[in-house]
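Here is what each chain is made of, one letter per residue.
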Amino acid sequence: MNSTAPPPSSKGTRPRPPKPRLPLSAFSAPNSATGESFQLPPSPTTTHPKAIIDANVIIPGDNVNLSTWRKEAGSILGGRAGGLVLSLPHADLEKVVEQLSLVEFPAPIISLSIPFKLEDKDQTFPSYLSKVPTSLSTVFNKSTPDGIASLRWALELGRPVDVDIQAAISDAILESFEDIISKATAGLNKVPPIVLSNVLPPPHDLELPIVKLMSHPTYLAFQSQVAALSLFPEIYVKFLPPSWNAPTPPTPSLEVAEITDSQQKKEWKHRIKMYLGPVIEAFGYQRIIFGSSPCPTSSGSSVASDWYELARESLGELGAEQDFVDAVFYENAKKVYGSD
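So, how was this worked out
- Residues numbered from 1 in each chain as written.
- Predicted model: local features only at pLDDT ≥ 70, side-chain atom pairs only at ≥ 80, totals over all residues.
- Heavy atoms only, no water.
- Helix = DSSP H or I, 4+ residues; strand = E, 2+ residues; numbered from the N terminus.
- Expected span 1.5 Å × (residues − 1).
- Buried < 20%, exposed > 50% of the residue type's maximum accessible area, 1.4 Å probe, protein only.
- Axes fitted to C-alpha atoms, helices over the stretch in contact; angles between N-to-C directions.
- Left-handed = near helix turned anticlockwise from the far one by under 90°.
- Contact = heavy atoms within 4.5 Å.
- Nonpolar A, V, L, I, M, F, W, Y, C, P; charged D, E, K, R; others polar.
- Parallel < 35°, antiparallel > 145°, perpendicular 65-115°, else oblique.
- Pairing = 2+ DSSP bridges.
- Bend = angle between axes of the 7 residues up to and from the residue.
- Core = buried A, V, L, I, M, F, W, Y, C linked by side-chain atoms within 4.5 Å.
- pLDDT = per-residue confidence, 0-100.
- Phe/Tyr/Trp six-rings, centres within 6.5 Å; stacked < 30°, edge-to-face > 60°.

**A few points about unusual backbone geometry**
Step number 1: Look at the link from Leu-200 to Pro-201: it is a cis peptide, with omega at -15°.
Step number 2: Inspection of the secondary structure puts Pro-201 in the loop between strand S6 (194-200) and helix H5 (210-213).
Step number 3: Phi at Asn-198 is positive, roughly 70°, even though this residue is not glycine.
Step number 4: Residue placement: Asn-198 occurs in strand S6.
Step number 5: Despite not being glycine, Asn-245 shows a phi value in the positive range, around 55°.

**Some thoughts on helix H8 (residues 304-317)**
Step number 1: The terminal C-alpha atoms of H8, which comprises 14 residues, lie 20 Å apart, in line with the 20 Å expected from a rise of 1.5 Å per residue.
Step number 2: Summarising burial for H8: 13 of the 14 residues are buried, a large majority.

**Focus: the packing of H8 against helix H9 (residues 322-337)**
To characterise two packed helices, one gives the angle between the axes of the helices and the distance between these axes.
Step number 1: Where H8 meets H9, the closest approach of the two axes is 11 Å, and the angle between their N-to-C directions is 145°. For H8 against H9, the interelement crossing comes out right-handed. Where H8 abuts H9, its residues Tyr-308, Ala-311, Arg-312 and Leu-315 lie against Phe-324, Val-325, Val-328 and Phe-329.
Step number 2: By residue class, the composition of the contact of H8 with H9 is seven nonpolar, no polar and one charged.

**Quick notes on the packing of helix H1 (residues 67-78) against H8**
Step number 1: At a minimum axis separation of 7 Å, H1 and H8 run at an interaxial angle of 40°. When the interaxial angle is binned, H1 and H8 end up oblique. Between H1 and H8, the contacting residues are Trp-69, Glu-72, Ala-73, Ile-76 and Leu-77 on the first element and Ala-304, Ser-305, Tyr-308 and Glu-309 on the second.
Step number 2: Considering only residue class, the contact of H1 with H8 consists of six nonpolar, one polar and two charged.

**Side note on the sheet that holds S6**
Step number 1: The strand order across the open sheet built from eight strands is S1-S2-S3-S4-S5-S6-S7-S8, with neighbouring strands paired in parallel fashion. Where the open sheet ends on each side, the last strands, each with one partner, are strand S1 (52-58) and strand S8 (288-290). Sheet twist, expressed as the average angle between the axes of neighbouring strands with direction ignored, equals 30°.
Step number 2: As judged from the five bridges shared by S1 and strand S2 (residues 81-87), these two strands associate in the parallel manner. Residue Ile-53 lies in a different strand from S2, and its bridge partner there is Gly-83.
Step number 3: Running at roughly 105° to S8, H9 makes contact with S1, S2, strand S3 (109-115), strand S4 (134-140), strand S5 (161-165), S6, strand S7 (235-239) and S8 of the sheet.

**Structural notes on H9**
Step number 1: With 16 residues, H9 should reach 22 Å at 1.5 Å per residue; the first-to-last C-alpha distance of 22 Å fits that figure.
Step number 2: Maximum bend of H9: about 55°, positioned at Val-328.
Step number 3: Listing the buried residues of H9 in full gives Val-325, Asp-326, Ala-327, Val-328, Phe-329, Tyr-330, Asn-332, Ala-333, Val-336 and Tyr-337.

**Quick notes on the nonpolar core**
Step number 1: Counting residues in hydrophobic clusters, the biggest one holds 84 residues, and the most contacted among them are Leu-86 and Phe-177.
Step number 2: Sort the elements by how many residues they give to this core and helix H7 (residues 263-283) lands first, with nine residues.
Step number 3: Beyond its immediate stretch of four places on either side in the chain, Phe-177 contacts Phe-140, Val-163, Ile-165, Leu-196, Leu-229 and Ile-235.
Step number 4: One finds Val-195, Tyr-330, Ala-333 and Tyr-337 within the second-largest nonpolar core, a separate group that totals 11 residues.

**So, the confidence of the model for the protein**
Step number 1: Within the protein, residue pLDDT values average 86, and 83% of them lie at 70 or more.
Step number 2: Per-residue pLDDT stays below 50 along residues 8-12; that stretch engages in seven contacts with residues further than four places along the chain or on separate chains.
Step number 3: Taken together, the stretch residues 254-258 has pLDDT below 50 and engages in two contacts with residues farther than four places along the chain or on a different chain.

**Side note on the packing of aromatic side chains**
Step number 1: For the structure shown, the criterion picks out 10 aromatic pairs.
Step number 2: Their ring planes at 75° and their centres at 5.6 Å tell us that Tyr-219 and Tyr-275 sit as a pair that is edge-to-face. Of this pair, Tyr-219 sits in helix H6 (residues 217-229) while Tyr-275 sits in helix H7, and the two are 56 residues apart along the sequence. Accessibility assignment for this pair places Tyr-219 and Tyr-275 in one class, buried.
Step number 3: Both rings, one in Phe-290 and one in Phe-329, keep their centres 4.9 Å apart while their planes meet at 40°; by these two values the pair is tilted. Of this pair, Phe-290 sits in strand S8 while Phe-329 sits in helix H9, placing them 39 residues apart in sequence.
Step number 4: Phe-290 gets classed as buried once you look at its relative accessible area, which sits at 0%.
Step number 5: An aromatic cluster is defined as three or more aromatic residues linked by ring pairs; in this entry it consists of Tyr-219, Phe-222 and Tyr-275.

Encoded structure:
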């Protein structure tokens, strides 16, 4: 990560870096002149990451035995799990820490995500967390002086900070977010990763036909907004189940003789790819991180294994090669949340 780049201004004067491009095979059919030497990309139904870090496992209370996640993950996701980031929005943190040595987890806990509020004037980091791998998490609605001070406090701890953007990303909200990031990071020798959620995919109305979505003002604005966010080199984006007022479509089990996607799943993948493509163009594969739990305010439910299959297949159908898949599902989270 290039932490020495100058912070962008809210006026958008920073020069744009070269954007990573999707392979042409994602958009066009092979030329018949290439004959038998043309190599088709791996089928998205068979390309799995070598290992998975689930970077967004929300624990609703104090019990960290992860019984719900174990059941939802099943063998496909759970069997590849190489690490978990536990989000604890409403937990008794001290009680959770006491349980860590008593519970046998399905995968190593690489970080506990500790919540804090941007509007709080006084921030403290509990001493009992000093020997536990931790990151921090907060919710953003608008930039305020207290919010700038709180975010700077979190960044000065040198730990990753998750930011749940709980506002429609209009031009005004984008400018406000750029303001808080620029002011909170000003003068810091090293800025730790800032990981955004509720962005990929963003909240969306499924009643809007796909053919209209392609030219809709909100979709065109989304493309320019993610391009602007990508100019902050310390920013990553979480790839989470979307808030689309509907549950994540299920994937048939492997025991089914002939697996065919439902029409609903096909439509979801089409929409997901429409949002995933611009994010890949702007951020590259190196700054996208998979997680299975929806944002706490999401209006739709999701089963961990169902979202894993949707996310994996959507990425594969955009032409992602094995190392790109490994980056999104494992390597990027290891780099951001893994301890030294």
